Structure formats: structure tokens, C-alpha cells
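Residues per chain are reported as follows:
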Amino acid sequence: MDSSSSIDLLVQLVLTHYPTPLTTSQSTVIREGISRLEQTARTLRAYPLDNADEPLTVFHPYRAERE
Amino acid sequence: MQATEAVFLSIRQLGELIRTQQLSVPDIVEVFLERLRTLGPQYNAVVTLTAERARRQAQQAAADIAAGHYRGPLHGIPYGAKDLLATAEGIPTTWGAAPFRQQCFDYDATVIRRLDQAGAILVAKLAMVELAGGMGYTQPHASFTGPGITPWNRQAWSGGSSSGSGAAVAAGLVPFAIGSETWGSIAVPAHNCGVTGLRPTYGRVSRFGAMALSWTLDKLGPLARCADDCALVLAAIAGPDPADPSASARPYVYDSQALRRPPFRLGVLMPGEEGVQEAVRANFTEALETLQPFVLCEAVELPELPYEAVMQTILDAEMASAFDDFMAQGGLAQLTAPESRQAAYARTMVLAKDYLRALRIRRHIARALDTLLSQYDALVAPTMAKVACPLTMDFPTYMAGRRREPLNTASNAAGLPAIFIPNGFGERGLPTGMQFVGRAWGENGLIAIAQTYQRTTAWHTAIPEDVKKL
């Protein structure tokens, strides 16, 4: 699937999730925004990571403090 | 001294006059309430005056101080809070956005509660860019209260998203204000309004009761007239909070006499050639020369990492979740900035794996910056490449690729502290400034450097002509 098709799919996803009536120019704004997202994502994907590279956010199981 | 003469004093100076009862708390509160009422609208700085609460607190403070129960340097000091901080007692918390004009919470944010405990007096909820700018705004008219205006030039933007916080301090409407920064929102108002802003380390200050834009990027911090004032406020608001699991257990202690002494080692990020106004460059160079007796400077470059892509991805994904229901209910259509009404939809399409990739790269950023910073007491750079944007221009046109300064982007990605201070004036009579960024939890080092500069210069004491008198 080329980049343009994936952008089209994401635009369709937006219109499905947020069924607000949009004009053609408003849909264009969304499409341009998704294009930028794609570009940003390519930048991220170009940075090499190993399986051992963990997210900087660490999950801690919760336990309420005893009274 | 009359209360009207005290409006541009530092917290420490004002606090001493209050402690020794040379100034009455009710009188000083009335002076600031009057300034907020008359001057505030000229800068679109104020959403709500909290007069009833303020007057009650002022009476209590006066009685406590007269009885010898002095709580500390913030006792009796009026302040304003960015209107994303929850306040009880029927005081609206509007988030700067028309759909939330009438929103009220039945509790105070932790920061508000802690300032109450320190004896500070909330006099106003201050204007902000709608939803802290999270929907993507590209010009100054992005709040239902109107564009924030800097007291230095009524045709120029005060900066955002803490627009009212910056303007209110600069105009002497409050001695200090609480703002927030996700990506630039303390830096830019501090710069555009010529005041001092402190962005603490992520987790230094509880976010409980603050509108969430991005859970792992939002930081609350003070704007005030000098670094010492910012430190006094930070000492009151910092600390662990069971209501905010991200709030660190690390204590913050501020003793102005115990701060590190010069010389300081500074890693200097020169502003580059493209798109930097000459006065910004000249004032930055002159500031470094002023600091020369106290610092050892070395030119540095930031490690090459995709800071902006990481920041944008994290912000987009977390914003999209934080405002998911609001957007699904069509809330965007009621926002003030036209570009925010559709642009945000696109930003909801960040893939989960890309968000997680950004968080993984973020660990590399944190380590790389800490390695660099371990060699210095701070990195220093101009806060912004240009003075405040005209109200009639959009940011892409005016800033021409320099809207986000690299050090601000990188340091926010790593959750690092920064202090922003004025260092002169530039085009159209507007302030310029510089930023010092430190290692995580290193606020006191930054305050020491900023204080050294502020002891040698007077930029932070400058007062806009229009606001000297009511």
C-alpha cells in the first residue's frame, strides 16, 4: 500500500470516528495533518532501536496504602 | 510606603513589608484587585477575579500575622492562577475554551491548596490559550478571552499558552502567577512579557487538579519578577502528592544563602544564523559577556536525536486521549481558533506503535542530555529567535521555521528544568530573553545562575510605561 492510500484510510478513519460534517477544505486540513503525522512517524522509524529499548514510562502495579 | 507603590516589588520585598505590618494585606489585595479589574482587560489577561475569596483570605492573613503566626515569605502575597487549575467555591475553571466557560470543580488543585497553606492569596484566574494550545493553534487569537497582549507593546502577543500569567506579572497585576508548560507555554510568555519563568523538572510539582493536555509532558511552574521569587513559589508548591502518582517524593528545599556560588560552567548553544533577529543575538552575546566574571563558557551542540518528532508524537497521542470524549462530542467546533477546529482530528491518528517508539527514543534523549549536562551547570541559549509575534500575523509566517527552539524541545522531551529570564529589548520595544536548562532535579543550580545575572543587571526590574499607574 502506498503512502497516499494509507493517508486516505486514516482520513476515512477520522471521518468514521468523528462524524462531524466537514467541507472539502476542512477534509483537506485533516489530510494535510495526517500527512505530517506520517512524516513524523517516518522520522521516528528511521531511528534504530533494539528490542531491549524500553519506553521511558514505567508501569507500577497499584496497591492501596494500609490505613 | 503606600500599597499602590508596592505593586512592582519582588515577593521577598513585599513579604517583608507585610511581615512587619508596614503594609496591610487587605490594602495590598485591594490594590491588585483594582489593577486586575482596570488593566487586566487591556491585555486580555484575566478570566475571573476571585475577589470574595481573596478578601476573606486577606482578612485571615492580616489576623494571623498580627497574632504572630507568620507562615513564610508568601504569606499575604496575592497571585494569579492559569485557568487550567481547578478552584472550588464556584470559581469557574474555563481552560481558556468557550465550551468550558461555566465549568466548575468542587475542589482546589493541589498547587492552589499548597499556596493557600503558604498564606498566598488567589486574586484571579488568568487567561490562557484554549486547552493549552493542544488542538494546534497557529496565531494569537486562540482564546475565548481574546489574544493575550504583552504590556510592552499592545500590538504584540503575550505568548502562550500561559498568556495571562505572563502579561499579569509584567503589568504588575499580580506579584506572581502559576503557569504551565507542555512545550513552551512558560518559556514563551516569560520571553514575550519580559518576566522570569521557572519550568520545574517533570514530577517536581503535583499536576492534580490541572487540566491534562499530555500526562507525561505537562509541568506547572511560576512566573514572577525574578529568579528568587520563582524559587520561593516553587518551595511552596513542590513535593509528593498521593493524588498525583507522577509527583516525585524528592524534597525541594530552597535556601537562597546556600545556593551554589560561581564560577558556573555553561554549555552555550549559539542561536545560529537563520531566522534570528539581530537584537536577540546581540543581547544574548552581551548577556554572556556580562556573566563572564562568573562563568566558564564552552560552545556545545545538542546530540543529534529526533527531539521534535518525539515531542509531537507524544503530545498528539496523549492529547487525543485526554480530549477523546470532547472531540467525539463535536467540541472542537466551538473553539476560537479556526485552525484548531479540524487540525486536531488528524492528530488522533497516531499509531500506538509509533507512540511507544517515541517513548523508547525518549529514553535515549534523556540519557544523552544527562550525559551532556553532567559536564556543565547548565546549557544556555536564547529563549526565542524573535521578539513577540504581532497580533496580526500567524506564527509560521512570522517565526519562519523558528517557532520551536531546539533546546526547549529537547529539554521538554527529557522533562528537564529550565529558567527563562529577560536580557534586554529588541524590535518594536519588545523584550528578549534567555533560557538555562539543567539536569533533572537541578532547579537550584539554575536559580543560582539566574540570580547571579539578575544581581548584575536590571532587565528583570523594567516596567512597561503603560502600567506604571492605573
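Scroll up a little and you will see the structure.
Before going into details, it helps to say that this report is about the structure given with it.

## Looking at the overall build of chain A
Then comes step 1: Broken down by element type, chain A carries 2 helices and 0 strands.
Then comes step 2: Its C-alpha atoms give chain A a radius of gyration of 19 Å, more than 25% over the compact-globule value 11 Å for 67 residues.
Then comes step 3: Over its C-alpha atoms, taken along the principal directions, chain A stretches across nearly 60 × 35 × 20 Å.
Then comes step 4: Carbon and sulfur atoms make up 54% of the accessible area of chain A, which amounts to about 5200 Å² in all.
Then comes step 5: Charged side chains in chain A number 6 positive and 9 negative. The centres of these two groups are separated by 3 Å.

## What to know about the overall build of chain B
Then comes step 1: Looking only at helices and strands, chain B has 15 helices and 11 strands in total.
Then comes step 2: At 20 Å, chain B has a C-alpha radius of gyration in line with the 23 Å of a compact globule built from 470 residues.
Then comes step 3: Dimensions of chain B, computed from C-alpha atoms along their principal axes, come out at roughly 60 × 60 × 45 Å.
Then comes step 4: Taken across its 470 residues, chain B has 67% of its residues classed as buried.
Then comes step 5: For chain B, the share of sequence-separated contacts (at least 6 apart) that also reach a separation of at least 24 residues comes to 79%.

## Some details on the interface of chain A and chain B
Then comes step 1: Across the boundary between the two partners, chain A contributes 29 residues, which contact 31 residues of chain B.
Then comes step 2: Counting the surface lost from both chain A and chain B, the interface buries some 2700 Å², and carbon and sulfur atoms represent 68% of this.
Then comes step 3: The tally of links from chain A across to chain B stands at 1 salt bridge.
Then comes step 4: In this structure, the salt-bridge partner of Arg45 of chain A is Asp354 of chain B, at a minimum N-O distance of 2.6 Å.
Then comes step 5: The interface formed by chain A and chain B holds 11 residue pairs in polar contact (both at pLDDT 80 or more) in total.
Then comes step 6: At the level of secondary structure, the elements contributing two or more residues to the side of chain A that touches chain B comprise helix 1 (3–17) and helix 2 (24–45) of chain A.
Then comes step 7: Top element by residues in the side of chain A that touches chain B is helix 2 of chain A. It accounts for 11 residues.
Then comes step 8: Tallied by class, the residues present in the side of chain A that touches chain B amount to 17 nonpolar, 8 polar and 4 charged.

## A closer look at the sheet that holds strand 8 (residues 295–299) of chain B
Residues and elements named next belong to chain B.
Then comes step 1: In spatial order, the strands read 1-3-2-4-6-5-10-11-9-7-8; together these 11 strands make up an open sheet with mixed pairing. The open sheet terminates on both sides in strands that have one partner only, identified here as strand 1 (46–49) and strand 8. Taken pair by pair, the neighbouring strands of this sheet meet at an average axis angle of 30°, ignoring direction.
Then comes step 2: Sheet topology note: the strand 5 (residues 196–199)/strand 10 (residues 418–425) ladder contains 3 bridges and is antiparallel. Across the sheet, residue Leu198 finds its bridge partner in strand 10, namely Ile419.
Then comes step 3: In the packing of helix 5 (residues 163–170) onto the sheet, the strands contacted are strand 2 (78–82), strand 3 (121–126), strand 4 (176–181) and strand 6 (219–224), and the crossing angle to strand 4 comes to about 155°.

## Focus: the pairing of strand 5 of chain B
All names here are of chain B.
Then comes step 1: Residues Thr196 and Leu198 point to one face of strand 5 and Gly197 and Arg199 to the other, with burial holding for every one of them.
Then comes step 2: As defined by bridge partners, strand 5 adjoins strand 6 across 2 bridges and the pair is classed as antiparallel. Each bridged residue has a counterpart across the sheet, and for Thr196 the counterpart in strand 6 is Ala224.

Conventions used here
- The residue numbering used here restarts from 1 in each chain and proceeds along that chain's sequence as written.
- Throughout, the order in which chains and ligands are written sets their labels, letters from A for the former and numbers from 1 for the latter.
- Residues qualify for local features only when their pLDDT is at least 70, as the model is predicted, and side-chain atom pairs are given and counted only at 80 or more; totals for whole chains, interfaces and linings, by contrast, use all residues.
- With hydrogens and water excluded, all non-hydrogen atoms of the structure serve as input to the side-chain values.
- Numbering goes from the N terminus for both helices and strands, where a helix is a DSSP run of H or I of at least four residues and a strand is a run of E of at least two.
- Computation of the radius of gyration draws on C-alpha atoms, with the globule rule given as 2.2 Å multiplied by the number of residues to the power 0.38.
- All accessibility values rest on the Shrake-Rupley procedure with a 1.4 Å probe; residue burial counts only the protein chains present in the view.
- For this count, His and the chain ends are skipped, Lys and Arg are scored as positive, and Asp and Glu as negative.
- Every charge is mapped to an atom, namely NZ of Lys, CZ of Arg, CG of Asp or CD of Glu.
- Under the scheme applied here, a residue whose accessible area is under 20% of the maximum for its type counts as buried, over 50% as exposed, and between as partly exposed, the area being computed with a 1.4 Å probe on protein chains only.
- Any two residues having at least one pair of non-hydrogen atoms within 4.5 Å are treated as being in contact.
- When two components associate, each loses some accessible surface as probed by a 1.4 Å sphere; the sum of these losses over both components is called the buried area.
- By convention in these notes, a salt bridge is any Lys or Arg side-chain nitrogen within 4 Å of a carboxyl oxygen on Asp or Glu.
- Polar contacts, as counted here, are pairs of nitrogen or oxygen atoms within 3.5 Å of one another; within protein the pair requires one atom able to donate a hydrogen and one able to accept it, and residues that are adjacent in sequence qualify only if both atoms are side-chain atoms.
- Side-chain classes are defined by residue name, with Ala, Val, Leu, Ile, Met, Phe, Trp, Tyr, Cys and Pro counting as nonpolar, Asp, Glu, Lys and Arg as charged, and the others, Gly among them, as polar.
- In this description, strands pair whenever DSSP reports at least two bridges between them.
- Helix axes use the C-alpha atoms of the stretch in contact, all axes being lines fitted to C-alpha atoms, and the angles between their N-to-C directions lie in the range 0 to 180 degrees.

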